[in-house]
Amino acid sequence: MVKLSPSVLAADFSNLSLVMDQCGEGGASMIHVDVMDGHFVPNITMGSVVVEGLRRATDLPLDVHLMIENPHQYITDFAKAGSDMITVHIETCSDVKKVIQMIRDEGVKPGITLRPSTPLNTIEEFVKDVDLVLVMTVEPGFSGQLFITEMMERIVAVRELVDGLGESRPDISVDGDVKLHNASEVVAAGADILVSGSGIFGTTDHVSTMKEFVKIG
Ligand code: DX5
Ligand code: ZN
């Protein structure tokens, strides 16, 4: 069954506690938290204090996506704030293995991701060391962008890569303009986890949209 990771970035920040309740009711498997620093991406979003607040508002695992320079400087903060998974961008790590190990040492599941324009072979050697491979299907930075159709082939390629590993395979998560209309195609291409922001919080009934997503897999 596909797991759903609603992206809180597209939700109503005046009432995140209600949003967390809706995610629980809708059958979400985890909560996607987009951290942006205004350097790696042009947008600034939230820091570890928000993760800490979300931690108190839900028991669902927190799937933290770091779109920041020098992620190694912040791993401990995000781990202590209550992250269950921390995904870093290959473009931001000078020593990828070290950052992955830092995340593990904090008792958190590590994930790796890359911009759509970064060649897939840059992450290949690290796929066996992580619990999550995040395929970005939009340029990191904003919610509400259009799915880059060429990335559908990347999901298939990552699926092949992951299936070629032994038993401890990482999950494949797909992030960027995943909506009800394309979710089946994304799952068929190989996704285990669907991240969706505007595809959920841009609809009138968040809970029933989440339930529809969950049915797809
Ligand atoms: C983009 C973020 C995504 C984004 C998803 O940089 O990583 O997680 O919030 O939002 P939608 O689903 O609206 O594209
Ligand atoms: Zn994200």
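Residues numbered from 1 in each chain as written. Chains lettered and ligands numbered in written order. Predicted model: local features only at pLDDT ≥ 70, side-chain atom pairs only at ≥ 80, totals over all residues. Heavy atoms only, no water.

Things to note about the sheet that holds strand S5 (residues 109-114)
Argument step 1. The strand order across the open sheet formed by eight strands is S1-S8-S7-S6-S5-S4-S3-S2, and the pairing between neighbours is parallel. The outermost strands of the open sheet, each flanked by one partner alone, are strand S1 (3-6) and strand S2 (31-36). With strand direction ignored, the average angle separating the axes of adjacent strands in the sheet is 25°.
Argument step 2. Against the sheet, helix H4 (residues 96-105) contacts strand S4 (85-89) and S5, and its axis sits at roughly 145° relative to S5. (Pairing = 2+ DSSP bridges. Helix = DSSP H or I, 4+ residues; strand = E, 2+ residues; numbered from the N terminus. Axes fitted to C-alpha atoms, helices over the stretch in contact; angles between N-to-C directions. Contact = heavy atoms within 4.5 Å.)

Concerning the packing of aromatic side chains
Argument step 1. All chains considered together, the criterion is met by zero aromatic pairs.
Argument step 2. One Lys or Arg, Arg115, reaches over the ring of Phe40 and ends 4.2 Å from the middle of that ring. (Phe/Tyr/Trp six-rings, centres within 6.5 Å; stacked < 30°, edge-to-face > 60°. Lys NZ or Arg CZ within 6 Å of the ring centre and 35° of its normal.)

Describing the coordination of the zinc ion (ligand 2)
Argument step 1. Surrounding the zinc ion (ligand 2) are the protein donor atoms His32 (NE2), Asp34 (OD), His65 (ND1) and Asp175 (OD), at 2.0 to 2.3 Å.
Argument step 2. Here the zinc ion (ligand 2) is ringed by six donor atoms whose angles at the metal span 71 to 169°, and the overall shape comes out octahedral. (Donors = N, O, S within 2.8 Å, 3.2 Å for Na, K, Ca; no water. Tetrahedral: all angles 85-135°; square planar, octahedral: opposite > 155°, others 65-115°.)

Some remarks on H4
Argument step 1. Buried within H4 are the following residues: Val96, Val99, Ile100 and Ile103. Buried residues of H4, viewed axially, fall in a sector of 100°; they line one side. Within H4, the exposed residues directed more than 90 degrees away from the buried face are Lys98 and Asp105.
Argument step 2. Residues of H4 that are buried make contact with helix H3 (75-80), S4 and S5.
Argument step 3. One or two positions beyond H4, positive phi appears at Gly107, with a value near 80°. (Buried < 20%, exposed > 50% of the residue type's maximum accessible area, 1.4 Å probe, protein only. Arc of directions from axis to C-beta.)

A word on the nonpolar core
Argument step 1. Val8, Leu66, Val88 and Leu194 are the most contacted members of the largest nonpolar core, which has 60 residues in total.
Argument step 2. Excluding residues within four positions of it along the chain, Val8 makes contact with Phe13, Leu16, Val19, Met20, Ile31, His32, Val33, Met46, Leu54 and Phe201. (Core = buried A, V, L, I, M, F, W, Y, C linked by side-chain atoms within 4.5 Å.)

Brief notes about the site of ligand 1
Argument step 1. Lining the immediate surroundings of ligand 1 are 20 residues, of which Asp34, Gly141, Ser143, Asp175 and Ser198 lie closest.
Argument step 2. In the model, an oxygen atom of ligand 1 is placed 2.8 Å from a nitrogen or oxygen of the Asp34 side chain.
Argument step 3. Within the contact set of ligand 1, an oxygen atom lies 2.5 Å away from a side-chain nitrogen or oxygen of Ser198.
Argument step 4. For ligand 1, whose accessible area on its own is 380 Å², the fraction buried by protein is 100%.
Argument step 5. Sorting the residues of the shell around ligand 1 by element identifies S2, strand S3 (62-67) and strand S8 (193-196) as the ones contributing at least two each. (Near = heavy atom within 4 Å. Polar contact = N/O pair within 3.5 Å; in protein donor to acceptor, adjacent residues only side chain to side chain. Areas by Shrake-Rupley, 256 points an atom, 1.4 Å probe, with all protein chains shown as cover.)

Let's talk about the environment of Val186
Argument step 1. Locating Val186 in the fold gives a position in helix H6 (residues 180-189).
Argument step 2. Its relative accessible area of 0% is what places Val186 among the buried residues.
Argument step 3. A sequence separation of twelve residues divides Val186 from Val174, and the C-alpha atoms of the two residues are 7.7 Å apart.
Argument step 4. Val186 has contacts with Phe147, Met152, Ile155, Val174, Ala191 and Leu194, leaving out every residue within four places of it along the chain.

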